[in-house]
Amino acid sequence: MAYRQIRIDGDEVLRKKSRQVEKIDEKILTLIEDMADTMYKADGVGLAAPQIGILKRVVTIDVGEGLIGMINPVILEQRGEQDGPEGCLSLPGTTGDVKRPMYVKAKYTNPAGETVIVEAEELFARCICHELDHLDGVLYKDRAHKMYTQDELDNMKQ
Ligand SMILES: [Zn+2]
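Just so we're clear, the structure is a prediction, and the values are computed from it rather than from any experiment. The numbers attached to residues start from 1 for each chain and follow its sequence in the written order. Note on the predicted model: pLDDT of at least 70 is required for a residue's local features to be given, and 80 or more for side-chain atom pairs to be given and counted; whole-chain, interface and lining totals, by contrast, use all residues. Values shown for side chains rest on all heavy atoms present in the structure; no hydrogens or waters enter the calculation.

Asker: Mind showing me how you'd approach the overall build of the chain here?
Answerer: Only runs of H or I of at least four residues qualify as helices and only runs of E of at least two qualify as strands under DSSP, and these elements are numbered from the N terminus. The helix and strand tally for the chain stands at 4 helices and 8 strands. Counting from the amino terminus, the chain carries its helices and strands in the arrangement α-β-β-β-β-β-β-β-α-α-β-α. Seen along its three principal axes, the alpha-carbon backbone of the chain occupies a region of about 45 × 35 × 25 Å. Any two residues having at least one pair of non-hydrogen atoms within 4.5 Å are treated as being in contact. Long-range pairs, those at least 24 residues apart, make up 65% of the contacts in the chain with a sequence separation of at least 6. Total accessible area on the chain is roughly 8400 Å²; 47% of this is exposed by carbon and sulfur atoms. One way to put it: in the chain the 21 positive side-chain charges average out to a point 6 Å from where the 28 negative ones average out. Note on areas: Shrake-Rupley, 1.4 Å probe, and residue coverage restricted to the protein chains presented here. A positive count includes Lys and Arg, and a negative count includes Asp and Glu. His and the chain ends are not counted in either. We put the charge of a Lys on NZ, of an Arg on CZ, of an Asp on CG and of a Glu on CD.

Structural data, given as structure tokens:
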């Protein structure tokens, strides 16, 4: 188990494009383990490698159905629309409304080296879009049509 430091908005690594993983070696497997540990510790549902300063196309996701480690993920199809609040471990204390597809079909390589096709809806679909954006240096605030102030968030919690 190893926790890595989560990079915060303003860190230029979050704005860079990540590189394809050419080979799944010990280093990549350790990266995925560390990302999972870091994600769970921070109470997140997803984490992308650039968020811990590694510019590789790797994300971890757990929306409550178990851990998924995605290597070189790509979105193949998307449909519909959902509009709702989103946050990010790299933008602590912020929330914004982002429109995302309701359904996403994605392809990735799992840690065992197998190609996996996944169909995702609702939160899972939102999460895939959000994490894949990180691999291209995009943050959710770039796509948000409304960002909430801390006052507004406090009011919503009441
Ligand atoms: Zn994020």
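Still to come is the rest of the account.
Asker: Honestly, the side chain of Thr95 in this entry has me stumped. Any pointers?
Answerer: As for its position among the elements, Thr95 is in the loop between strand 4 (82-86) and strand 5 (96-100). Thr95 has contacts with Pro85, Glu86, Tyr140, Lys146, Met147, Tyr148 and Leu153, leaving out every residue within four places of it along the chain.

Asker: Can you walk me through the UniProt feature "binding site: Fe cation" (unreviewed entry) in the chain in this structure?
Answerer: UniProt positions are given in the numbering used here, feature names are shortened, and annotations may be inferred rather than shown by experiment. Under the present numbering, the feature "binding site: Fe cation" (unreviewed entry) in UniProt falls on Cys88, His130 and His134. Across 47 residues, the annotated set stays spatially compact, with a maximum C-alpha separation of 10.3 Å. Turning to its location among the elements, Cys88 is positioned in the loop between strand 4 and strand 5. Exposed residues in this analysis have more than 50% of their type's maximum accessible area, buried residues have under 20%, and partly exposed residues fall in between, with area computed by a 1.4 Å probe over protein chains only. Judged by its relative accessible area of 10%, Cys88 falls in the buried class. Apart from residues no more than four positions distant in its own chain, Cys88 is found in contact with Gln51, His130, His134 and Tyr140. Mapped onto the secondary structure, His130 falls in helix 2 (residues 122-135). His130 gets classed as buried once you look at its relative accessible area, which sits at 7%.

Asker: In this structure, what is going on with the coordination of the zinc ion? I would like to understand it.
Answerer: Tetrahedral coordination by four donors puts the ideal angle at the metal at 109.5 degrees, and octahedral coordination by six puts it at 90 or 180 degrees. Because water is not among the atoms used, a metal site may look incomplete, as its donors are only the N, O and S atoms within 2.8 Å, or 3.2 Å for Na, K and Ca. For the zinc ion, the full set of protein donor atoms is Cys88 (SG), His130 (NE2) and His134 (NE2), and the range of their distances to it is 2.0 to 2.3 Å. Here the donor residues of the zinc ion share one chain and are spaced in sequence as C-x41-H-x3-H. Of the two residues, Cys88 sits in the loop between strand 4 and strand 5 while His130 sits in helix 2, which places them 42 residues apart along the sequence. His130 carries the same exposure label as Cys88, and that label is buried.

Asker: Where do I start with the sheet that holds strand 1 (residues 46-48) in this structure?
Answerer: Across a sheet, strands are paired by hydrogen bonds formed along the backbone, either parallel or antiparallel in direction. We call two strands paired when DSSP finds no fewer than two bridges between them. Strand order in the open sheet formed by 5 strands is 1-2-3-6-7, and the pairing between neighbours is antiparallel. Each of the sheet's edge strands pairs with one partner strand only, and the pair in question is strand 1 and strand 7 (115-121). Sheet twist, expressed as the mean angle between neighbouring strand axes with direction ignored, is 35 degrees. Of the pairings in the sheet, the one linking strand 3 (residues 68-79) to strand 6 (residues 103-109) comprises 6 bridges and is antiparallel in character. Counted as the bridge partner of Ile71 is Thr109 from strand 6. Between the N-to-C directions of two axes lies an angle of 0 to 180 degrees, each axis being a line fitted to C-alpha atoms and, for a helix, fitted only over the stretch in contact.

Asker: I would appreciate a short explanation of the nonpolar core in the present structure.
Answerer: Most often, soluble globular proteins keep nonpolar side chains buried together rather than apart. Residues belong to a common nonpolar core when they are buried Ala, Val, Leu, Ile, Met, Phe, Trp, Tyr or Cys residues joined through side-chain atoms within 4.5 Å. Membership of the largest hydrophobic core comes to 17 residues, with the highest contact counts inside it found for Val59, Ile61, Met70, Val104, Val118, Phe124 and Ile128. Secondary-structure elements contributing two or more residues to this core are strand 2 (58-61), strand 3, strand 6, strand 7 and helix 2. The element best represented in this core is helix 2, accounting for 7 residues. Phe124 has contacts with Ile61, Val63, Ile68, Met70 and Val118, leaving out every residue within four places of it along the chain. Core analysis: the next-biggest nonpolar cluster, separate from the first, contains 12 residues, Leu47, Ala49, Ile52 and Ile71 among them.

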